[in-house]
Amino acid sequence: MIDLGEESTNKDCHYYLNMIQNDYSNKITTFKLAIKFLDKRANADIASREEIVMRMIMSINVALNFDAMIGCINEHSKYSTDSAVRCLDYLFINKLNPDNDHSLLEKAFTTRVFIITQSTKMQNTEKLNSLEGFFDLGERTFSHDLSKPAVSSIITLLWNLGKKLYKSNEPVKSVGWFKMALKKLISSNYADKDKIERALQISYIDAGEYTDAKLVYENMCNNDRMKPLSQLIMLRIFIHENDTEQAMKCLRNIKESCHEKSLDVLILGVTECKRSTELAVNAMLLLFEKLENDNTNEGVTSNKFPSISCSLRYTIQMILKMCEKEEKECIIKYSPAINTLLDKGLLFFQTVRALSHLSGNKEHHPRVDEVISVDDIEWFASTSYNMAVKGIEEKL
């Protein structure tokens, strides 16, 4: 082997490295040594590096040296993403057989996605354009479905970049990555496809593209459309469009769902209804119906109780504020709703309080961590009293 610490000139080193690459062209070590020597030269350039990597791909047995070869290409991507992609594309297109080398094709495909998504040298649009064409190539190349590990790895890379952009307040840029993760090649049999579709909807909504968000929903399978979280997203869209009828339909679908998280989602849905008093009232009534019909009061733990309590207070305050402006007509219209909300609120509090006292009997009553606060009791008591006085004064 050549000792780079000796007095050999660069020209001599280059001569001998070329010689052993020709004599031992089936050995990946010779090409790795050439790359190592090149990296130690002050005037090393990307083109020379790419030339060695390409010769390596064309010369050695790909199947026997695949992991080491991929490692070299990955290392090369640190110097130039474009150059590494050219090398990898040549390997993918010319050196692998779709029928005999399926698992190696998967690794090469995943590596391509990894290099592009992790690149710090490419702009977001460049990355998307590069992968768009490569996915089209993949559709034409693969003769079998991708394995679950490969699908999971590729989608995770795309998902993570999309979420990173979304959390950086760049929903428009994140859209492209969630759409990429929904490519048929990788998403057709993906178990959590609806998770990606909802993330895409949310990005569209935050970007103000409500029509596109609705289109994503329409393209979902029926089972995924009816999931509580999918209905919650559509609720947000219909509230934005002031479509109370469709918004109520979404709330009813959530309320009637048997999904284990349907109560949590319905609570979130109630908090979304602050733009419309009528919608807020009906949403609260649906929430109480679910608590009563599904016997879910026992599941109201410390993280749910404050949300229900605050939503109830906010809804009643909305009505009272409206009544201050419209006086008698408003009171006549909404007094039945206020009475119902107060009655159901009282029943809810009493139930939670009773379960809290009985929480020591774990066999029949799950633990209820939250105790009703004095402020809650005082507020609802004073509200009920003030409404009663108002009714007497107005002779209602």
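Look above for the structure.
## A closer look at the side chain of Gln-231
Logical step 1: Tracing the sequence through the fold places Gln-231 in helix H14 (residues 228-240).
Logical step 2: Residue classification places Gln-231 among the buried positions, given a relative accessible area of 1%.
Logical step 3: With residues up to four places along the chain from it excluded, the contact list for Gln-231 reads Tyr-217, Arg-225, Met-226, Cys-250, Asn-253 and Ile-254.

## A look at the nonpolar core
Logical step 1: Core analysis: the largest hydrophobic core is formed by 112 residues, its most contacted members being Phe-135 and Leu-158.
Logical step 2: Of the residues forming this core, the biggest block, 16 residues, is contributed by helix H18 (residues 305-357).
Logical step 3: Leaving out residues up to four positions away in the same chain, Leu-158 has contacts with Val-113, Thr-117, Leu-131, Phe-135, Trp-177, Met-180, Ala-181 and Ile-186.

## A few points about the packing of aromatic side chains
Logical step 1: In this structure the tally under the stated criterion is 7 aromatic pairs.
Logical step 2: With 6.1 Å between their ring centres and 55 degrees between their planes, Phe-92 and Phe-109 make a pair best called tilted. Of the two residues, Phe-92 sits in helix H5 (residues 81-94) while Phe-109 sits in helix H6 (residues 102-118), which places them 17 residues apart along the sequence.
Logical step 3: When its relative accessible area of 1% is taken as the criterion, Phe-92 is described as buried.
Logical step 4: Classification of Phe-109 by relative accessible area gives buried; the value is 0%.
Logical step 5: Measuring from centroid to centroid gives 5.0 Å for Phe-92 and Phe-134, while their planes differ by 55 degrees, and the two rings are tilted.

## Section: helix H8 (residues 148-167)
An α-helical segment advances 3.6 residues per turn. Residues three or four places apart therefore align on the same side.
Logical step 1: In this model H8 runs 27 Å from its N-terminal to its C-terminal C-alpha over 20 residues, within 8% of the 28 Å that 1.5 Å per residue would give.
Logical step 2: For H8, the secondary structure elements touched by its buried residues are H6, helix H7 (124-141), helix H9 (171-181), helix H10 (184-187) and helix H11 (193-206).
Logical step 3: A positive phi of about 60 degrees marks Asn-169, the residue just after H8.

## Thoughts on helix H4 (residues 62-77)
Logical step 1: Taking 1.5 Å per residue as the helical rise, H4 with its 16 residues ought to reach 22 Å, whereas the 19 Å between its terminal C-alpha atoms falls clearly short.
Logical step 2: Looking at H4, one finds that the buried residues are Val-62, Asn-65, Phe-66, Met-69, Ile-70, Cys-72, Ile-73, His-76 and Ser-77.
Logical step 3: Summarising the contacts, the buried residues of H4 are in contact with helix H2 (28-40), helix H3 (46-59), H5 and H6.
Logical step 4: The N-terminus of H4 is capped by Asn-61, whose side-chain oxygen sits 3.1 Å from the backbone nitrogen of Ala-63.

Parameters and conventions
- Residues numbered from 1 in each chain as written.
- Predicted model: local features only at pLDDT ≥ 70, side-chain atom pairs only at ≥ 80, totals over all residues.
- Heavy atoms only, no water.
- Helix = DSSP H or I, 4+ residues; strand = E, 2+ residues; numbered from the N terminus.
- Buried < 20%, exposed > 50% of the residue type's maximum accessible area, 1.4 Å probe, protein only.
- Contact = heavy atoms within 4.5 Å.
- Core = buried A, V, L, I, M, F, W, Y, C linked by side-chain atoms within 4.5 Å.
- Phe/Tyr/Trp six-rings, centres within 6.5 Å; stacked < 30°, edge-to-face > 60°.
- Expected span 1.5 Å × (residues − 1).
- Polar contact = N/O pair within 3.5 Å; in protein donor to acceptor, adjacent residues only side chain to side chain.

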